[in-house]
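Residues per chain are reported as follows:
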Amino acid sequence: QVQLDESGGGSVQAGGSLKLSCAVSTRTIGRFAMGWFRQIPGQEREFVAAAKHDGRSEEYADSVKGRFTIVKAFGSNTVSLEMKNLRPEDTAVYYCAARATLQLITAESDFDSWGQGTLVTVSS
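Residues numbered from 1 in each chain as written. Predicted model: local features only at pLDDT ≥ 70, side-chain atom pairs only at ≥ 80, totals over all residues. Heavy atoms only, no water.

This brings us to the overall build of the chain. From N to C terminus, the chain includes zero helices and eleven strands. When the helices and strands of the chain are placed in sequence order, the string is β-β-β-β-β-β-β-β-β-β-β. For 124 residues, the compact-globule estimate of 2.2 N^0.38 gives 14 Å, and the C-alpha radius of gyration of the chain, at 13 Å, lies within 12% of that figure. Viewed in the frame of its principal axes, the chain has a C-alpha envelope of about 40 × 25 × 25 Å. Evaluated residue by residue, the chain yields a buried proportion of 44% over its 124 residues. Of all intrachain contacts in the chain linking residues separated by at least 6 positions in sequence, the fraction that spans at least 24 positions is 59%. Here the chain has roughly 6,300 Å² of accessible surface; of this, 42% comes from carbon and sulfur atoms. Charged side chains in the chain number 13 positive and 14 negative. The centres of these two groups are separated by 7 Å. (Helix = DSSP H or I, 4+ residues; strand = E, 2+ residues; numbered from the N terminus. Rg over C-alpha atoms; globule rule 2.2 N^0.38 Å. Buried < 20%, exposed > 50% of the residue type's maximum accessible area, 1.4 Å probe, protein only. Contact = heavy atoms within 4.5 Å. Areas by Shrake-Rupley, 256 points an atom, 1.4 Å probe, with all protein chains shown as cover. Lys, Arg positive; Asp, Glu negative; His and termini not counted. Charge placed at Lys NZ, Arg CZ, Asp CG, Glu CD.)

On to the side chain of T118. Along the chain, T118 falls in strand β11 (residues 118-123). Only 3.2 Å separates the side chain of T118 from the backbone nitrogen of G9, close enough to count as a polar contact. When residues no more than four places from it in sequence are discounted, the contact partners of T118 are E6, S7, G8, G9, L20, A92, V93 and Y94. (Polar contact = N/O pair within 3.5 Å; in protein donor to acceptor, adjacent residues only side chain to side chain.)

Summed over the entire model, instances satisfying the criterion amount to one disulfide. Disulfide partner of C22: C96, at an S-S distance of 2.2 Å. When the S-S torsion is -85°, as for the bridge of C22 with C96, the disulfide is left-handed. With C22 in strand β3 (residues 18-24) and C96 in strand β9 (residues 92-99), the pair connects residues that are 74 residues apart, well separated along the chain. (Disulfide = S-S within 2.5 Å.)

Here the focus is the sheet that holds strand β7 (residues 68-73). Strands pair in a sheet through their backbones, by hydrogen bonds, and they do so in one of two ways: parallel or antiparallel. An order of β1-β3-β8-β7 is seen for the four strands of this open sheet, with the pairing classed as antiparallel. A strand with exactly one partner marks an edge of an open sheet, and here the two such strands are β1 (4-7) and β7. The sheet shows a mean angle of 15° between the axes of neighbouring strands, direction not considered. The sheet contact formed by β3 and strand β8 (residues 78-83) spans six bridges and is antiparallel. By the bridge assignment, L18 is partnered in β8 with M83. (Pairing = 2+ DSSP bridges. Axes fitted to C-alpha atoms, helices over the stretch in contact; angles between N-to-C directions.)

So, in structure tokens, the structure goes:
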């Protein structure tokens, strides 16, 4: 559907903050529901956050709620994941996902476009 390109990953100490960005190859990001997923080493990929196509509603995994924020930037056709109070257990490869739908979706199988991932390492 669209090409996704994540950036912003890196190493940070516990308690720190980091912002991930996902560039979307479309001029109409408002038509796409967006999501962030992550794969913690040794585990399967899991849901992190999602935003409705118009950015009016969001959904978060319990493990990140209150610490992470997903933001759609319609002018630049990007979606960001703002992470604060990072923990070592947040260490993972983070993936951006998208699908042209009016629904707020959170299931991995509901997204049809995926980025290649960006690594976040949180040290204690």
